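As a plain string of letters, each chain reads:
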Amino acid sequence: MHREVTTTVRVKLHSLTERKVRLVEREYASFQDAVHGDDDANLYSATKQQAGKVRSNKNPREDTEQPVVLRNDCITIEHDEDTVLSSWWFKLPVYNPERGDSIWVSVYVPEKDTHLLRDEYIRDSELVKRDGEWYVHLVCKRSVAVADEYDDVLAVDIGTKWIAVSTVLSDRDTRFHGADVRRVREHYKQLRKSIGKAKVRSGAQVIERLGAKESRTVEHELHQVANELVARAGKRNAVIVFGDMTGLRFDNDKGRYVNDKTHKMPYAKLATILTYKAHLDGRECIPVKEYDTSVTCWRCGSQNTSREVQGRVECHDCGLDDNGDKNGASNIGKRAVGKDITSPLSTVGAVVAQPETQVVLEGTNDEMEPANSPEDVGLTLSEGGPRL
């Protein structure tokens, strides 16, 4: 089984001559004009087509700048160890009727990404200006093989207090990940609020810089969380399933304070990073509908539950008293293998290998619950020893 993996490689332009700087700056400025409605902007023809697509798809505001979209058949990157100035060179299309329609610019390439820079991998990319420096964000897409049989399920519940809570379905071994994400969000929120109250000079620019730093810090934390989850799944040979949060921001209105926390948590970004890293590890990663997982008892399936304390869930039918996020992750894992769901993992290509004896789920109070049999969920049997 194969999956498409997309990686963005950021390469930095360096040592540009004055002429090349002028050409790059003119191309960038003309793209902004074209995006905002100037059909007569002097722009490389293929890039002008991309500007039209950006204008029709995004309808950007006049006060915003858009990265220059570079069509993949107009760009290339080459490696040459014999040149003194740089070992990597990028062919950048520009409007330059006097001396051709492209220029070669020297670029820095991260060592860890050099294996990705093959013409068959490169897709439409972007020219970006940041802090006075020029970068090209090369989008590289390739096919990777992922396993189609697993010994267990690692269920991930994405939340606000903890950005991710992971539970192994077979024994409910649970870990909590990413508390720093919420801390970083709250820290920068208070910084912006204090700057706004003080009405400092250039406050808008300061807040913009803070936002950029916050975004980079949060993204770093999300990569760390995703690495932890993939490593944990690897130790158990587990398929990763996570709660699909699509529509959460639109379907719930729980007041200004809760909405603020919910709307600013990077659910989609974590899901994208986790899926990408899992596929690179040769592991399937599948979203599972999350509806009702937080209010359903994982042990008896009842929804006669309460959460008087946000971190705990109590079931009034079977007496369960459990961590709320752990309960939600357990339900996501159970739903993935066919309990109370019409489309288990087997229907989308991921097969959980079953041991010779039945899997048993052991709860917090020594309660025992049999897992679905292969006949119930259509799983493929494979050789394996008994496990709890």
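Our subject in this report is the structure included herewith. (Residues numbered from 1 in each chain as written. Predicted model: local features only at pLDDT ≥ 70, side-chain atom pairs only at ≥ 80, totals over all residues. Heavy atoms only, no water.)

## A short note on unusual backbone geometry
Reasoning step 1: Here the phi dihedral of Asn-237 falls at roughly 45°; this positive angle occurs in a residue that is not glycine.
Reasoning step 2: With respect to the helices, strands and loops of the structure, Asn-237 is situated in the loop between helix H4 (203-236) and strand S12 (238-244).
Reasoning step 3: On the basis of relative accessibility, which here comes to 26%, the residue Asn-237 falls in the partly exposed class.
Reasoning step 4: For Asp-292, which is not glycine, the phi torsion reads 70° and is therefore positive.
Reasoning step 5: By the secondary structure assignment, Asp-292 is in the loop between strand S13 (285-289) and strand S14 (305-306). (Helix = DSSP H or I, 4+ residues; strand = E, 2+ residues; numbered from the N terminus. Buried < 20%, exposed > 50% of the residue type's maximum accessible area, 1.4 Å probe, protein only.)

## Examining the side chain of Thr-7
Reasoning step 1: Along the chain, the position of Thr-7 falls in strand S1 (residues 2-14).
Reasoning step 2: A relative accessible area of 7% places Thr-7 in the buried class.
Reasoning step 3: Within the structure, the side chain of Thr-7 is placed 3.2 Å from the side chain of Arg-142, a separation counted as a polar contact.
Reasoning step 4: Setting aside residues no more than four positions away along its own chain, Thr-7 makes contact with Leu-116, Leu-138, Val-139, Cys-140, Arg-142 and Tyr-276. (Polar contact = N/O pair within 3.5 Å; in protein donor to acceptor, adjacent residues only side chain to side chain. Contact = heavy atoms within 4.5 Å.)

## Brief notes about the pairing of S12
Reasoning step 1: For S12, the tally of buried residues reaches six of seven residues, placing the bulk of the element in the interior.
Reasoning step 2: Note that strand S9 (residues 152-157) and S12 share five bridges and pair parallel. Across the sheet, Val-156 pairs through a bridge with Phe-242, a residue of S12. (Pairing = 2+ DSSP bridges.)

## Considerations on the packing of aromatic side chains
Reasoning step 1: Within this structure, the stated rule accounts for two aromatic pairs.
Reasoning step 2: With a centroid separation of 5.2 Å and 75° between ring planes, the pair formed by Tyr-28 and Trp-134 is classed as edge-to-face. With Tyr-28 in helix H1 (residues 18-35) and Trp-134 in strand S7 (residues 133-145), this residue pair connects regions lying 106 residues apart in the sequence.
Reasoning step 3: Judged by centre distance (5.4 Å) and plane angle (50°), the ring pair of Trp-162 and Phe-176 falls under tilted. Taken as a pair, Trp-162 in the loop between S9 and strand S10 (164-168) and Phe-176 in strand S11 (residues 174-177) lie far apart in primary sequence, 14 residues in all. (Phe/Tyr/Trp six-rings, centres within 6.5 Å; stacked < 30°, edge-to-face > 60°.)

## With respect to the sheet that holds S1
Reasoning step 1: Here we have seven strands laid out as an open sheet, ordered S2-S6-S7-S1-S5-S4-S3, and antiparallel in their pairing. In the strand order of this sheet, the two ends are held by strand S2 (68-70) and strand S3 (76-79), each with one partner. Strand-to-strand twist in this sheet, taken as the mean axis angle between neighbours without regard to direction, amounts to 40°.
Reasoning step 2: Bridge count for S3 against strand S4 (residues 88-93) is four bridges, and the pairing is antiparallel. Within the sheet, the bridge partner assigned to Thr-76 lies in S4 and is Lys-91.
Reasoning step 3: Packed onto the sheet, H1 meets S2, S4, strand S5 (102-108), strand S6 (125-130) and S7 and runs at close to 105° relative to S5. (Axes fitted to C-alpha atoms, helices over the stretch in contact; angles between N-to-C directions.)

## So, helix H8 (residues 324-336)
Reasoning step 1: Counted at 1.5 Å a residue, the expected span for H8 with its 13 residues is 18 Å, and the 19 Å between its end C-alpha atoms agrees.
Reasoning step 2: Across the 13 residues of H8, 12 count as buried, placing the element largely inside the fold.
Reasoning step 3: Within H8, burial applies to Gly-324, Lys-326, Asn-327, Gly-328, Ala-329, Ser-330, Asn-331, Ile-332, Gly-333, Lys-334, Arg-335 and Ala-336.
Reasoning step 4: One side-chain oxygen at the N-terminal end of H8 lies 2.9 Å from the backbone nitrogen of Asp-325; it belongs to Asn-323.
Reasoning step 5: Of the residues one or two after H8, Gly-338 is the one with positive phi, at around 110°. (Expected span 1.5 Å × (residues − 1).)

## Thoughts on the pattern of salt bridges
Reasoning step 1: Tallied over the full model, the rule gives 15 salt bridges.
Reasoning step 2: Salt-bridge contacts for Asp-244 lead to Lys-289; the nearest nitrogen and oxygen are separated by 3.7 Å. Separated by 45 residues along the polypeptide, Asp-244 in strand S12 and Lys-289 in strand S13 bring together distant segments of the chain.
Reasoning step 3: Assessed through its relative accessible area of 49%, Lys-289 is described here as partly exposed.
Reasoning step 4: A network of salt bridges, in which partner residues are shared, links Asp-152, Asp-171, Asp-173, Arg-232 and Arg-236. (Salt bridge = Lys/Arg side-chain N within 4 Å of Asp/Glu carboxyl O.)

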